[in-house]
Structure formats: C-alpha cells, structure tokens
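# Close look at the chain arrangement
Listed here are the chains, written in short residue letters.
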Amino acid sequence: MKRPTFFISSTIYDFRDLRSALKFYLEERGCKVLASEFNDFHKALDIHSYEACLQSIHTADYFILFIGNRVGGWYDEQERISITQREYREAYKLQVAGKLKIINFVRSDIWQFRETRQELITHLESIPLNENTKKSISNYTTKIAGDAEFLSDFIKEVSRSSETKLTVQGKGNAPSGNWIHVFHNFRDVVDVLHGQIFSTTPMEDMAIMRLLRRELRKFISQSLVKFKTGGEVYSPRLYIERFHKENPITMDMKTESFTPVFTKYWRQISTLSFNLIALQFQPIVLPRAISSPIFLDFDFATNSYKESRVYEALLRLQEEMYKFTASNTPTNLSVLFKHSPRTHPVDSGTIQIETLELVSLLHLLDRWSNILDLTASILRYLDGKKFQMPKLRPDSPIQGMQEMIEGERPNDQDVDMYLATDN
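In this report, we go over the structure that sits alongside the text. Treat the numbers as computed from the prediction; the structure is a model and nothing was measured. By convention here, each chain's residues receive numbers from 1 onward along its written sequence. Local features in this predicted model are restricted to residues of pLDDT 70 or higher, and side-chain atom pairs are both shown and tallied only at a pLDDT of 80 or more, whereas totals for entire chains, interfaces and linings draw on every residue. Excluded from the side-chain calculation are hydrogens and water; included are all heavy atoms of the structure.

### A look at the overall build of the protein chain
A tally of regular secondary structure across the protein chain gives 17 helices and 13 strands. Radius of gyration (C-alpha) of the protein chain: 34 Å, far over the 22 Å computed for a compact globule of 423 residues. Principal axes of the C-alpha set define a box for the protein chain whose edges measure 115 × 60 × 45 Å. The contacts of the protein chain with a sequence gap of at least 6 include a subset with a gap of at least 24, amounting to 74%. Residues scored as positive are Lys and Arg, those scored as negative are Asp and Glu, and His as well as the terminal groups of each chain are ignored. All charge positions are set by atom: Lys at NZ, Arg at CZ, Asp at CG, Glu at CD. Positive and negative charge centroids in the protein chain, built from 53 and 54 side chains respectively, lie 6 Å apart. Numbering of helices and strands runs from the N terminus; a helix is a DSSP stretch of H or I covering at least four residues, while a strand is a stretch of E covering at least two. Atoms counted for the radius of gyration: C-alpha only. Globule rule: 2.2 Å times residue count to the power 0.38. Note on contacts: a residue pair qualifies if any of its non-hydrogen atoms lie within 4.5 Å across the two residues.

Pasting the structure below:
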C-alpha cells in the first residue's frame, strides 16, 4: 500500500518538540514523514543538503509549514530568503501544478504580533517621523519575533493576500493553498489534520475497508451463477425462494421419511445446486473488520460505542459463512446425484426425496442466498450508498420451525436476568 507522505517544513530549533510529536502521530496513522533532522530522512549525498530537501518535497503528498518566531538559516541571505521560505516556494509550485497540498500553520503569538505590528505601522504613518525612524520602530527586535519584517512578509506571502486583491479586481486567478491555521498547541494542529486529511478515519481503518471491499467483491463473484446462454449472471435467491414456495416443508411433514417434490422445480434447484460443489468461502479481512471499531457507532446517551447495522450484518455474514462451510459436505450434496435431472423427466410429475436429505440441502442453499445478499448490502454501503439490511432466509427451511427455535432460544433479556441472579 502506498502511504501518504508528509514533508514538515519549519525552523528546527524552536519547533523540535512539535516536529517530533507530529512525526510520531502521522506514522502511527500509517503515513510516511519527511523531517530532515531525523536519521530516516533520505539524504542525497552528492548534492547540497538544501537542494536535497527541495528534491524531497517532490516525493511528498502533503507539505506542512510551521511559522514561528525565528527565521532560521538563510538560503540566500542577500535576497533575504530563508531555507524554510525557499522550501515553501518549491512546494507552492507543486501545489499550483496539483502535485501536492499545502497546510500552513502560524503560532498564535506570532499571528497576534503581526496584527499588532500592522496597527503600529498604521499609527506611525500619522506621526511626523522620517522613514528610517518609522522602520526602526516597526522592526524592533522582541522576544516574540527575531526579525519582525521578515516574519510579517513571510506570513503575507503564504496568505497570498496580494494575489487575492488582484483577483478581486479581476486581474488574475485566485491563489490556492493560502489557508493559514493559527495554532496554540499540538491539539490545534491535530484538529486541522483530522478535518483536512483524515476525516476522523485512521489510515489503518481505511486500509481495512479497502481490503474488505475487495474481499466482498470476491465473495459475490463466487456466489453468483452465470449461464453460458447469454452470459448473464443471476442470484440463486429467486430459484431458492420459488422452490420453497412451490414445495413447502411444514412442521407436520418434518417427521415423514420422504417429501414429494415437483419434478420441474427439482430440476431447476438441483441444476443450480451443482454450483455448490467445491464452493468455499475463506474470509480473511472480514474477521479483522469485525474485531476493529470501524463499524461501531458512538452513543452519546451512554457515552459508549454500540454496534451499527453494518456491524450486525458483518457478524451475520461471518455466521452464515461458518454454517455454509459446515453444511457444504459431500454427504449433504449426495442427494443431487441420487436424483439427478437426467433420471427424472420434466413430465414425471413429482418425485419422492428423503426429507432429511432435502432439508439439509435447502439449509445449505439458504445460507448461500444469505451470504450473497449480505455481501451485496455491505458492499453497496462501502461504495457510499445508504445501508439496508436485506431480508434473509431463516435458519430452518421447515415452515414454522424458525419461530419455534427463536421462542426456545434465550434472548438478551433472558441472559441479563440470569446474570442478575446469584445462581
């Protein structure tokens, strides 16, 4: 998997703790981080370190800029271009070309200092002082800003305010990547990254969903039936439900040794059932998705997480696959060979099939139908559609038995009552 790559640009001395924390945070989310002070930063040994950093920016997907109270080293001292500023300009060219995205941060005290300095400059304009004196006052070195003029001009450049004014006047195109995020602490930085990049979804979770989507598509491919004539694909559900409707097995019939079945519908269902031979589902990502919190919803009322409808569908899908695997045996499929379509002409009316064998086969077919329907519903949800739980076939193919099973099966309330006792 290609990991998103971040280049962190700032003066290192005053941002060393934040850079280290940000690197750890991004790497924990599965990202690659380019920060020149760390040993894992790729260093081209045949060129100057400044140029190596500029080249590294071309490998990044995101460029994170931090502006603080220091200028740092000069890239071109005569032109008053700092190393960080030169990195930003390189990144901005790539931003304009659509090759990366820039996220700008300015420390809150520097932002406030810049605003206050601008007010001072405006005030000085009203005082009868010579220009050198005014400039000396406005650029006075303080503990907050080592080079007030440079930092103010750098922030102005990053905000692209001059270009924006020209755009408003109809004299140019609107600049991009000019959002400036004022931050006070690391939490402020993380909040911006959540909103702009991760959308509150960790990289590991996004990877699981992508892999799950691929696995579900494989399950659908295994479950659909494709006939040579016309090359169309079909869901087995239509044939399975039609067979249940035309050949119902009731509670009164469950003790009978044989069950009469219409030959026409047996030929259809038995032909369809031959697709079950050697069919096995081997979920790998599905159990991992269930064990992760991706499909859990936060419940504000209880201050806890609860299972979503999608999560319930994933659990049911896993359960249906376990049952399918346990039922898809040569013994349960042997009825297909005992009563193959060739041995029973269409006009033969009905045939007698061992009830136990028929029930076992229908149970298997119902699991097959449920697997396909659940998989399709979950996959549509992952593709951005609203989730809808499909109507599933019951556990038992015998009409009326499902209600009896559910009535005899302890529910959540029964479990709670049992746990509340001292027995």
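### Overview of the sheet that holds strand 1 (residues 5–9)
Two strands are said to pair when DSSP picks up at least two bridges between them. A sheet is described by the order of its strands in space; here five strands give the open sequence 2-1-3-6-7, paired in parallel fashion. Edge positions in the sheet fall to strand 2 (32–34) and strand 7 (180–183), since each has one partner strand and no second. Neighbouring strand axes in the sheet, compared pairwise and without regard to direction, differ in orientation by 25° on average. As paired strands, strand 1 and strand 3 (residues 62–67) are joined by four bridges and run parallel to one another. Pairing of Ser9 across the sheet is with Leu65, part of strand 3. All axes are obtained by fitting lines to C-alpha atoms, using only the stretch in contact for helices, and the reported angles, taken between N-to-C directions, cover 0 to 180 degrees. On top of the sheet, helix 4 (residues 108–124) reaches strand 6 (101–107) and strand 7; it is set at about 75° to strand 6, its chief contact.

### Regarding the pairing of strand 6
The buried label applies to any residue whose accessible area, calculated with a 1.4 Å probe on protein chains only, is under 20% of its type's maximum; exposed applies above 50%, and partly exposed to all values in between. Within strand 6, five of the seven residues are buried, which leaves it mostly tucked inside the rest of the structure. Bridge analysis of strand 6 against strand 7 gives four bridges, and the strand direction is parallel. Across the sheet, Phe105 pairs through a bridge with His181, a residue of strand 7.

### Notes on unusual backbone geometry
Across the chain, the bulk of peptide bonds are trans and the bulk of non-glycine residues have phi less than zero. A positive phi angle, near 55°, is found at Arg80, a position not held by glycine. The residue Arg80 is located in the loop between strand 4 (74–76) and strand 5 (81–82) in this model. Residue classification places Arg80 among the partly exposed residues on the basis of a relative accessible area of 35%. The phi dihedral of Ala278 is positive, around 70°, even though this residue is not glycine.

### Examining the pattern of salt bridges
Whenever Lys or Arg places a side-chain nitrogen within 4 Å of a carboxyl oxygen from Asp or Glu, that contact is recorded as a salt bridge. Applying the stated criterion across every chain, the model contains 21 salt bridges. As a salt-bridge pair, Glu37 and Arg19 come within 2.7 Å of each other at their nearest N and O atoms. In this pair, Glu37 is assigned in the loop between strand 2 and helix 2 (49–57) and Arg19 in helix 1 (residues 16–28), connecting sequence segments 18 residues apart. Classification of Arg19 as buried rests on a relative accessible area of 1%. For Asp191, the salt bridge identified is with Arg187, shortest N-O distance 3.1 Å. One end of the pair, Asp191, and the other, Arg187, are both in helix 8 (residues 186–198), four residues apart, so they sit about a helical turn from each other. When its relative accessible area of 41% is taken as the criterion, Asp191 is described as partly exposed. Taking the relative accessible area as the measure of exposure, Arg187 reaches 47% and is therefore partly exposed. Salt bridges sharing partners connect three or more residues here, namely Arg316, Glu319, Glu320, Lys323, Arg367 and Asp395.

### Looking at the state of the cysteines
Throughout, a disulfide means two cysteine sulfur atoms within 2.5 Å of one another. Taken as a whole and judged by the stated rule, the model has zero disulfides. Unpaired in this structure, Cys31 has its nearest cysteine sulfur neighbour in Cys53, at a distance of 20 Å. For Cys53, a relative accessible area of 10% corresponds to the buried category.

### Some words on the side chain of Ser396
Here Ser396 shows up in the loop between helix 15 (355–382) and helix 16 (401–408). A relative accessible area of 8% places Ser396 in the buried class. A 3.5 Å cut-off defines polar contacts: any pair of N or O atoms within that distance qualifies, except that in protein one atom must be a possible hydrogen donor and the other a possible acceptor, and neighbouring residues in sequence count only when both atoms are side-chain atoms. Engagement of the side chain of Ser396 in a polar contact is seen with the backbone nitrogen of Ile398, the distance being 3.2 Å.

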